[in-house]
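# Per-entry structural report
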Amino acid sequence: MIRHIEKFNSESWKNLPWKKFRQDLFRLQKRVWKAVRAGNMRKARSLQKLILRSRAARFLAIRQVTQLNNGRKTAGIDGKLALTFKERFELEETLRIKANNWKHKGLREIPIPKKDGTKRILKVPTISDRAWQAIAKYALEPAHEATFHARSYGFRAGRSAHDAQKKLFHFLRSSCNGIQKRIIELDIKKCFDRISHSSIMDNLISPSGLKLGIFRCLKAGTNVGFPEQGTPQGGVASPLLANIALNGIEEIHNSIRYADDMIFILKPQDDANKILDKVKEFLAARSMEISEQKTKLTATTDGFNFLGWNFKVQKNGKFRSRPSEDNYKAFRKKVKLIINCSNYGAIVKAKKLASIVRGWRNYHRYCKMDGARNSLYYMQKRAIKVFNKETKQNRHSSKKLLDQAFPSVSYSENKFVNVKGDKSPLAKIVTKLDRLGQIAPVFRLFFSTKILIKGDLSPSTSRLQPLLAESLSSFV
């Protein structure tokens, strides 16, 4: 058994069966998803208890918050920046004993400046609290993935901002008469700070022990004057809890939501005021309200910003998406700080620039990226001047470093293959016929372009029914 390991060192940690842990956890999550889809809540809750008691979930959660997450070196209220290997094993034992009755410590508050000059308070839990929240997320996420709306794309497994981008293309392209449509850019005022705790707890699909832990997590991050509202933004489970509270707002009207960022697509005959009244009523039930200053009605021909892109329908009816002005300025500021920094040499600058430029170009690879601005011509021109000033570099070595610092990423406008409907990575079973005509279970593919069944055979074929039933029953 793993808890009988005597030497708590790096070798013991690395030699843990991580692949088997991921397989065991994913198998349990699939069963939770399928039970909720079938409406069997009792079975779903019992499976969630298994996840809370799962050794695989505990070790994967600790690994997630101490090694993989970007904010892993952010200290909580206890001041701990990292855990030694021995402390990781000790935390696993603590989670094993107290997972069903977890008590949260206080949160460390870090002010983050916003665009409008105000500050947002980031509330960071301790490492142990973050590990428990990761386990809670493993149990809650598959249950609620089965209930989330198909046009919700933020912080969900198997979905990304590119899905929202492609969905907008489907709504506003010339064949859908996008030139006559309008957009409501919805902004929720202090969304994470004003979410009602009751709206989360009433919609939570979980056993009583997990529900109590989530309640304590919410109470640990309350704001002064609002004891029944808010979810801490620095928590691992916070985006999932926000999705649970806002789920259903998409049904008010044709819309696309990415966490708390949302737009409504209006046809010429739609009444914007009626839609906004329904949205206000929905948000008021969750103790939230619309920001009147930032919420606006825009014609598609005037263009609008969403998720770092600027979307616009041209006069000829063609749909275009480009990096937004604010997104480009923020990216340029990062590049400028590295290029002009005198603490780094050209080789170090090239390495630091490569990850930033590659990430920016990958995010925008389904946009229209031609032109001097988006091709980063002037940034490259400035970078090679700085590289050439170094005595160790010549024009040939500087050119090589420039190619490393600005890696090329091919773009294909609006070519992203969108997720189909409400499909999820947790949807396991589709059938595939092998050469002998028998059925083998494989992962369900998201996209309708994949051909799974060969010939004119069908799952409804009489000789395939017993095999199909046997395959399906083994994953319930």
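Residues numbered from 1 in each chain as written. Predicted model: local features only at pLDDT ≥ 70, side-chain atom pairs only at ≥ 80, totals over all residues. Heavy atoms only, no water.

## Remarks on the layout of surface pockets
When its volume is computed, the second largest pocket comes out at roughly 250 Å³. Lining the second largest pocket are 13 residues, and of these Asp 78, Lys 80, Leu 91, Lys 105 and Ser 128 sit closest to its centre. Only helix H5 (85–98) and helix H6 (127–145) provide two or more residues apiece to the lining of the second largest pocket. Broken down by element, the residue count for the lining of the second largest pocket peaks at four residues, all from H5. Looking at the lining of the second largest pocket residue by residue, the class counts come to four nonpolar, one polar and eight charged. (1 Å grid on protein atoms, 1.4 Å probe; cavity = no way out; pocket = protein on both sides within 12 Å on 5 of 7 lines; lining within 4 Å. Points joined across faces, edges and corners; volume = space filled by probe spheres on them. Helix = DSSP H or I, 4+ residues; strand = E, 2+ residues; numbered from the N terminus. Nonpolar A, V, L, I, M, F, W, Y, C, P; charged D, E, K, R; others polar.)

## Quick look at the sheet that holds strand S5 (residues 261–266)
Here four strands make up an open sheet; going across it, the order is S4-S5-S3-S6 and the pairing antiparallel. Edge positions in the open sheet fall to strand S4 (255–258) and strand S6 (296–299), since each of these has one partner strand only. Each neighbouring strand pair of the sheet contributes to a mean axis angle of 20°, computed without reference to strand direction. Relative to S6, strand S3 (residues 182–187) runs antiparallel, the two sharing four bridges. When the sheet's bridge partners are listed, Ile 183 is paired in S6 with Thr 298. In the packing of helix H7 (residues 161–172) onto the sheet, the strands contacted are S3, S4 and S5, and the crossing angle to S4 comes to about 170°. (Pairing = 2+ DSSP bridges. Axes fitted to C-alpha atoms, helices over the stretch in contact; angles between N-to-C directions. Contact = heavy atoms within 4.5 Å.)

## Some remarks on a positive patch on the surface
A cluster of basic side chains, namely Lys 329, Arg 332, Lys 336, Lys 381, Arg 382, Lys 385 and Lys 389, defines a positive patch on the protein surface. Mapping Lys 389 onto the fold places it in helix H15 (residues 377–389). (Patch = residues over 30% accessible without salt bridge, like charges linked within 9 Å, V, L, I, M, F, W, Y side chains within 5 Å. Areas by Shrake-Rupley, 256 points an atom, 1.4 Å probe, with all protein chains shown as cover. Salt bridge = Lys/Arg side-chain N within 4 Å of Asp/Glu carboxyl O. Lys, Arg positive; Asp, Glu negative; His and termini not counted. Charge placed at Lys NZ, Arg CZ, Asp CG, Glu CD.)

## Describing the packing of helix H13 (residues 325–339) against H15
At a minimum axis distance of 11 Å, the contact between H13 and H15 shows a crossing angle of 5°. Judged by the inter-axis angle, H13 sits roughly parallel to H15. The segment H13 lies against H15, with Tyr 328, Phe 331, Arg 332, Val 335 and Ile 339 engaging Met 379, Arg 382, Ala 383 and Val 386. Of the residues assigned to the contact of H13 with H15, the class counts are seven nonpolar, no polar and two charged. (Parallel < 35°, antiparallel > 145°, perpendicular 65-115°, else oblique.)

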